[in-house]
Amino acid sequence: MGALTRGFGLRTPAPVVLHSAPCVLPVCAPPVRDGGVAIRGERVLQVGSRADLLAYFPVEDEIRWPGLISPGLVDACRTGPPVPGVTSAADLGDRRGPGGVTYLEVEGAGEQVWEDSERDALITAIREHPGTVGVAAYASDPLVLEDLAVLARTFGLRLMADLGRHSPAELDEAGVLGQHCHVTGEAPLGPGERKLLRLRGTTLALFGGDASALVEEGCAIAFGGPPLATARAVRQATRMRRLERVLVEAATLGGARALGMADGPGRIGTLGPGSRADLAVFDTRGGRDPYAALLEQPPCLATVVRGVPVTRAGGRAGRTEPGRAGQATPGRTDQATPRRTDQATPGRVHPEQEQAG
C-alpha cells in the first residue's frame, strides 16, 4: 500500500532527446563545436559538448544534424489583417505553434469614436484572447495614444509603435515608450531620438538601413521581416567590421527582448537551461565563423518548436540509438522536401527559408 501511495499521481518524466550538430550557437554563450542541446518536453535541459551531454543525461533518442543549431529566429514586427473594431495579429497560440505575442492594432481612431466603441472593443478582445496579447499603438490622436499607454500598464500588455507614424518624442510624451514597448522603423535616427530610446529601454526593430550609430551607442535592436534577410541587408548598408555577431543576436535575442520573452523560464531567442526548446538547424557545413555563416542565409534543414520537429528540409538527420553514440541507425534517417514558412510574424520563431528571395 505504501508503494502505491508513493507512486500515486506521479507522472513519468518525458524522455530526454539530444539534438546534436558539428556546431551549436546558443547566442547567450560562445559557440560549441561538436555540441548538442538536451531537451525534455518543451524545455532545454542543457547545452554543451555532445560527449558531455551523452555522459550526463539518460538520452533516449539522439538526432544528429549536419551544420549548425541555433535558437529560433524572431521577427518582432508583423501584424495581421483587419477585424471589427481592432486588427489582430496572426494568432500564434495553437498547441503546436510558436506561442508568441498577438498584437491588436489600433489606428485611425478619433477621440470620440474611441470613447464610444473602439475602446470597449479592444478591452473585450484583450480579455477574450487565450494567449499573450499586445497592442500596436498606431492611433493618430494623441489622447488615444495616452489611453493606450494606460491600458497597457493596467493589463500588463506589450506595446508596439511605428516611427513612420509617430516620432520618439511624440510617443514618449504620450507615455508609450518604455521597456514594455518596442518601435519599428528604418535607420538612421537622430542623436536625440536614439538617446531617448536608450534612456527608456525601448528596442528598435529595423527593416534595413545603416545601423552604425545604433550599434556604436549600444541601442537595443531587433529585426522586422525575415530576420536573417534583414540582418544581411543591414550589414550591407553598415560600414562596420565584425558586425556579424551583433546582427545574429538582434535576429534572435533582440527579437525576444522586443516581445518581452527574453528572460525567465520558457524564454526564447537563446538556448540554455530552462529556455523553450525552439531550434533552427542550418546547413553551414565548413570551418567558417558561425555568425558570418548564418548571415549568408544558408538552407534551413529543420525547425523544432517546443521540442517538437515542425519542419524537416533537405539533408539528412541520423537518429542514434542510446548507447551507440555516433552510429546512425539504419532505416531511421529522415528526409523531406524544403518548403517556405509563412511571412515573419511577431513572436513567431521560425527558420529562414527564403534563400530564393
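Here's the deal with the overall build of the protein chain
Item 1. Tallying secondary structure elements over the protein chain gives 10 helices and 19 strands in all.
Item 2. A burial count over the protein chain gives 53% of its 357 residues as buried.
Item 3. The contacts in the protein chain between residues at least 6 apart in sequence include a share of 60% that link residues at least 24 apart.
Item 4. Looking at the protein chain as shown, the accessible area adds up to about 16,300 Å², and 50% of this sits on carbon and sulfur atoms.

Looking at helix α4 (residues 142–155)
Side chains three or four residues apart in an α-helix point the same way, a direct result of the helix having 3.6 residues per turn.
Item 1. Compared with the 20 Å implied by 1.5 Å per residue over 14 residues, the 20 Å span of α4 between its first and last C-alpha is a close match.
Item 2. Buried within α4 are the following residues: V144, L145, D147, L148, A149, L151 and A152.
Item 3. Considering only its buried residues, α4 is in contact with β8 (101–107), α3 (111–128), β9 (132–138), β10 (158–162) and α5 (168–173).
Item 4. Sitting at the head of α4, D141 places a side-chain oxygen 2.8 Å from the backbone nitrogen of L143.
Item 5. Taken from the residues just after α4, G156 is the one with a positive phi, measuring 70 degrees.

Some thoughts on the pattern of salt bridges
Item 1. Applying the stated criterion across every chain yields a total of 14 salt bridges.
Item 2. A salt bridge links R232 to E296; its shortest N-O distance comes to 3.7 Å. Of this pair, R232 sits in helix α8 (residues 227–237) while E296 sits in the loop between α10 (290–294) and β15 (300–305), placing them 64 residues apart in sequence.
Item 3. A relative accessible area of 26% means that R232 is categorised as partly exposed.

So, unusual backbone geometry
Trans peptide bonds make up the majority, and among non-glycine residues the majority have a negative phi.
Item 1. Backbone geometry places V27, a non-glycine residue, at a positive phi of 75 degrees.
Item 2. Along the chain, V27 turns up in the loop between β1 (16–24) and β2 (32–40).

What about a negative patch on the surface?
Item 1. Together, E111, E115, D116 and D120 make up a negatively charged patch on the protein surface.
Item 2. By the secondary structure assignment, E115 is in helix α3.
Item 3. Judged by relative accessible area, E115 falls into the partly exposed class, the value being 46%.

Overview of the confidence of the model for the protein chain
Item 1. Averaged over all residues, the pLDDT of the protein chain is 80; the fraction at 70 or higher stands at 77%.
Item 2. Note on residues 1–5: pLDDT under 50 across the span, and 0 contacts to partners over four residues away in sequence or across chains.
Item 3. Residue range residues 79–98 is modelled with pLDDT below 50. Its contacts to residues more than four positions away, or to other chains, number 57 contacts.

So, the packing of α8 against helix α9 (residues 244–258)
A pair of packed helices can be characterised by two numbers: the angle between their axes and the separation between those axes.
Item 1. Look at α8 against α9: their axes get within 9 Å of each other, and the N-to-C directions meet at 150 degrees. Considering how the two elements wind past one another, α8 and α9 form a crossing that is right-handed. Here α8 contributes P227, L228, A231, V234 and R235 to the contact with α9, which in turn contributes E244, L247 and A251.
Item 2. Residue classes in the contact of α8 with α9 are distributed as 6 nonpolar, no polar and 2 charged.

About the criteria used
- Residues numbered from 1 in each chain as written.
- Predicted model: local features only at pLDDT ≥ 70, side-chain atom pairs only at ≥ 80, totals over all residues.
- Heavy atoms only, no water.
- Helix = DSSP H or I, 4+ residues; strand = E, 2+ residues; numbered from the N terminus.
- Buried < 20%, exposed > 50% of the residue type's maximum accessible area, 1.4 Å probe, protein only.
- Contact = heavy atoms within 4.5 Å.
- Areas by Shrake-Rupley, 256 points an atom, 1.4 Å probe, with all protein chains shown as cover.
- Expected span 1.5 Å × (residues − 1).
- Polar contact = N/O pair within 3.5 Å; in protein donor to acceptor, adjacent residues only side chain to side chain.
- Salt bridge = Lys/Arg side-chain N within 4 Å of Asp/Glu carboxyl O.
- Patch = residues over 30% accessible without salt bridge, like charges linked within 9 Å, V, L, I, M, F, W, Y side chains within 5 Å.
- Lys, Arg positive; Asp, Glu negative; His and termini not counted.
- Charge placed at Lys NZ, Arg CZ, Asp CG, Glu CD.
- pLDDT = per-residue confidence, 0-100.
- Axes fitted to C-alpha atoms, helices over the stretch in contact; angles between N-to-C directions.
- Left-handed = near helix turned anticlockwise from the far one by under 90°.
- Nonpolar A, V, L, I, M, F, W, Y, C, P; charged D, E, K, R; others polar.

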